[in-house]
Amino acid sequence: SFGGWSADQGGTEIADSCKNVDSIAAAYEAVITKYEVARLDMDVEGRSLTRTDGIDRRNKALKIVEAWAKNQGRPFQVSYTLPTSTSGLEPSGVAVLQNAIDNGTNVDVVNIMTFDYYDRVTTDMGAAAMNAANGLLGQLATLYPGKTAAQRAAMVGITLMPGLDDYPRRTESTSVADAQTVYDFARTNTFNTLSIWAVQRDNGGCPGSTGSNNCSGIVQNTWDFSHVLNPFS
């Protein structure tokens with residue numbers, strides 16, 4: 001996964017900081033060959049959502065990598081991880097995908113981060129994640145009218161944040177029961193990806209702590225979320 005909050009805020013995300021499309025593509029290819037991975041994820045959030053030059057370079061580079069992988073007979077997928085509202089992608093996220101389409105870049109997965117809504121009203125995080133995914137499906141229907149409903153469902157990814165997310169009010173709390181609800185929903189709809197951010201948070205080591213990097217902030221057993229979600233794959 002390339003990008004993420006720290007890189008996007010700091011300006012070090014490769015498509016933002018490197019101005020040469022071929023060099024970006026070469027860096028992606030180097031990671032693929034070094035680690036023999038079949039999917040690269042582009043985690044675009046924060047300031048990178050407004051850096052239109054970086055968005056365009058990223059998609060152009062991915063287009064080059066897709067052609068390179070095809071020529072090598074190498075399996076390769078592109079995933080975009082994007083922030084979401086409770087009703088689907090924000091316009092900035094849609095614009096990232098539209099730019100990919102304009103560049104002829106194939107996007108296999110759109111993975112929505114179903115947390116940190118900061119909207120003052122969301123408390124049922126399971127329902128919010130499902131509503132966001134349904135909103136995304138509608139957006140994908142507009143962006144990819146040539147795909148079937150089943151093909152668009154197979155593009156959807158959901159990433160949950162176990163327990164309390166970064167919202168200081170501590171009202172956005174995803175429970176293990178929420179994870180089970182979203183698991184059942186994602187499996188029924190044959191979505192592509194279901195995960196958490198992040199595995200080191202999957203424990204109850206800091207009840208009441210918001211936005212901690214190494215614990216969920218809720219009372220739970222270690223690996224409760226992982227045990228619920230692992231069968232998805």
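For the structure itself, consult the block above.
Residues numbered from 1 in each chain as written. Predicted model: local features only at pLDDT ≥ 70, side-chain atom pairs only at ≥ 80, totals over all residues. Heavy atoms only, no water.

Draft legend 1. Representation of the overall build of the protein within the structure. In terms of helices and strands, the protein carries nine helices and nine strands. Scaling as 2.2 N^0.38, a compact globule of 233 residues should have a C-alpha radius of gyration of about 17 Å, and the protein matches this with 18 Å. Expressed along its principal axes, the backbone C-alpha trace of the protein runs to roughly 50 × 40 × 35 Å. A buried classification covers 50% of the 233 residues belonging to the protein. Within the protein, contacts between residues at least 6 apart in sequence are counted, and of these 71% link residues at least 24 apart. Counting only carbon and sulfur atoms, one obtains 51% of the accessible surface of the protein, whose full area is about 10600 Å². Of note, the protein has its 18 positive side-chain charges centred 4 Å away from the centre of its 25 negative side-chain charges. (Helix = DSSP H or I, 4+ residues; strand = E, 2+ residues; numbered from the N terminus. Rg over C-alpha atoms; globule rule 2.2 N^0.38 Å. Buried < 20%, exposed > 50% of the residue type's maximum accessible area, 1.4 Å probe, protein only. Contact = heavy atoms within 4.5 Å. Areas by Shrake-Rupley, 256 points an atom, 1.4 Å probe, with all protein chains shown as cover. Lys, Arg positive; Asp, Glu negative; His and termini not counted. Charge placed at Lys NZ, Arg CZ, Asp CG, Glu CD.)

Draft legend 2. Structural context of unusual backbone geometry. Here the bond from W197 into A198 is cis, since omega is 0 degrees, no more than 30 degrees from zero. When you line up the elements, A198 lands in the loop between β9 (193-196) and α9 (224-229). The backbone of T190 sits at a positive phi, close to 50 degrees, despite the residue not being glycine.

Draft legend 3. View of the state of the cysteines. Applying the stated criterion across every chain, the model contains one disulfide. The residue that forms a disulfide with C206 is C215, at a sulfur-sulfur distance of 1.9 Å. Disulfide C206-C215: the torsion about the S-S bond is 115 degrees, which places it as right-handed. Judged by relative accessible area, C206 falls into the buried class, the value being 12%. (Disulfide = S-S within 2.5 Å.)

Draft legend 4. Spatial organisation of the packing of helix α4 (residues 52-72) against helix α5 (residues 91-102). Two elements in contact, α4 and α5, have axes whose closest approach is 9 Å; the angle formed by their N-to-C orientations is 45 degrees. Of the possible angle classes, the one that applies to α4 and α5 is oblique. For the pair α4 and α5, the sense of crossing is right-handed. Residues I55, D56 and N59 of α4 lie in contact with α5, whose contacting residues are V96, N99 and A100. (Axes fitted to C-alpha atoms, helices over the stretch in contact; angles between N-to-C directions. Parallel < 35°, antiparallel > 145°, perpendicular 65-115°, else oblique. Left-handed = near helix turned anticlockwise from the far one by under 90°.)

Draft legend 5. Highlighting the nonpolar core. In terms of nonpolar packing, the biggest core is built from 55 residues, with Y28, Y80, L82, L97, V110, I158 and F191 touching the most fellow members. Here the element with the most residues in this core is helix α6 (residues 125-143); it accounts for eight residues. If we skip the residues at most four places from it in the chain, Y28 touches F2, I14, L40, M42, R58, A61, L62 and V65. Residues M113, F115, Y117 and A128 belong to the second largest nonpolar core, which totals six residues. (Core = buried A, V, L, I, M, F, W, Y, C linked by side-chain atoms within 4.5 Å.)

Draft legend 6. View of the packing of helix α3 (residues 21-35) against α4. The geometry of α3 relative to α4 is characterised by a closest axis approach of 8 Å and an angle of 50 degrees between their N-to-C directions. Judged by the angle between their axes, α3 and α4 are oblique. Helix-helix and strand crossings are classified by hand; for α3 and α4 the assignment is right-handed. Facing V21, D22, I24, A25, Y28, E29, I32 and T33 of α3, the residues of α4 in contact are R57, R58, K60, A61, L62, I64, V65 and W68. Along the lines of polarity and charge, the residues of the contact of α3 with α4 split into ten nonpolar, one polar and five charged. (Nonpolar A, V, L, I, M, F, W, Y, C, P; charged D, E, K, R; others polar.)

Draft legend 7. The side chain of Q139, seen in detail. In this fold, Q139 is placed in helix α6. A distance of 2.8 Å separates a polar side-chain atom of Q139 from the backbone nitrogen of L89. Once residues lying within four places of it in the same chain are set aside, the contact partners of Q139 are G88, L89 and V94. (Polar contact = N/O pair within 3.5 Å; in protein donor to acceptor, adjacent residues only side chain to side chain.)

Draft legend 8. Structural context of the pattern of salt bridges. If you walk through the whole model with that rule in mind, you get five salt bridges. Residue D16 is joined to R51 by a salt bridge in which the shortest nitrogen-to-oxygen separation is 3.6 Å. Taken together, the residues span a long stretch of sequence, with D16 in helix α2 (residues 14-17) and R51 in the loop between β2 (39-43) and α4 at a distance of 35 residues. A salt bridge links D16 to R58; the nearest nitrogen and oxygen atoms lie 3.9 Å apart. In this pair, D16 sits in helix α2 while R58 sits in helix α4, placing the two residues 42 residues apart along the sequence. Each of the salt bridges in this network shares a partner with another, and the network as a whole consists of E13, D16, R51 and R58. (Salt bridge = Lys/Arg side-chain N within 4 Å of Asp/Glu carboxyl O.)

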